[in-house]
Amino acid sequence: STFRIGLSPAGTSNFLISELMVDPESPSDEEKASDYSSSNFEYIEFYNPSDVAIDLADLRFTAGINYVFGEGDMTTLAPKAYGVIVNDREAFAQRYGDGLHILGEYNKKLSNGGEHLEVSDSRFEPIISVIYSNNDPWPANNEDEGNSLVFTNLVVDSDLNDPANWASSTIKGG
């Protein structure tokens, strides 16, 4: 673990999952021509609710997908800022535009029906752990609707595992 000047280490008090796009809408004809499947448009969005930039370099997923933040393109997250990790950068840019803060790419499809996602620090201590589902009482995302799961309580110590803190996005694509 390396301390980087001017940055706070990411932890439970300053790093949250804010959105999960686990079951995107099927590809358009143009997207199909680029040989994309719906899983290419998956993403996980994170939020820094603090007033200081945070260092993500020592974080990694220890459950769910395979992703090491230190190997990504961006290893910091500004105060009150969002960042995403995406399944496929080119597909993401084609569908959602290129104005979002992309931290990097992961290499495993998210489970549409639910799974355990966990982000841990350099000591492999979990700082984020959520088990999401597509079953009641979690917000439903009927197949191919293309709505994301949005965490509605973006404050420290909110329970990521409480389905009442999540909602289906009001628009397709999140």
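Residues numbered from 1 in each chain as written. Predicted model: local features only at pLDDT ≥ 70, side-chain atom pairs only at ≥ 80, totals over all residues. Heavy atoms only, no water.

1. Overview of the sheet that holds strand E1 (residues 8-9)
Here comes step 1: Pairing is mixed across the open sheet formed by three strands, whose spatial order is E1-E4-E6. Each edge of the open sheet carries a strand with a single partner, namely E1 and strand E6 (76-77).
Here comes step 2: Pairing of E1 with strand E4 (residues 54-55) involves two bridges; the strand directions are parallel. Following the sheet pairing, Ser8 is matched in E4 by Ile54. (Pairing = 2+ DSSP bridges. Helix = DSSP H or I, 4+ residues; strand = E, 2+ residues; numbered from the N terminus.)

2. Here's the deal with the sheet that holds strand E11 (residues 149-151)
Here comes step 1: Read across the open sheet, the six strands follow the order E8-E7-E3-E2-E11-E12; overall the sheet is mixed. Across the chains shown, the open sheet's two edge strands, defined by having one partner strand only, are strand E8 (102-105) and strand E12 (166-168). Across the sheet, the mean angle from the axis of one strand to that of its neighbour is 20°, orientation sign disregarded.
Here comes step 2: Bridge count between strand E2 (residues 16-21) and E11: two bridges; the pairing is antiparallel. Counted as the bridge partner of Glu19 is Val150 from E11.
Here comes step 3: Here helix H2 (residues 89-96) sits on the sheet and contacts E2, strand E3 (43-47), strand E7 (82-86) and E8; the angle it forms with E8, its principal contact strand, is near 135°. (Axes fitted to C-alpha atoms, helices over the stretch in contact; angles between N-to-C directions. Contact = heavy atoms within 4.5 Å.)

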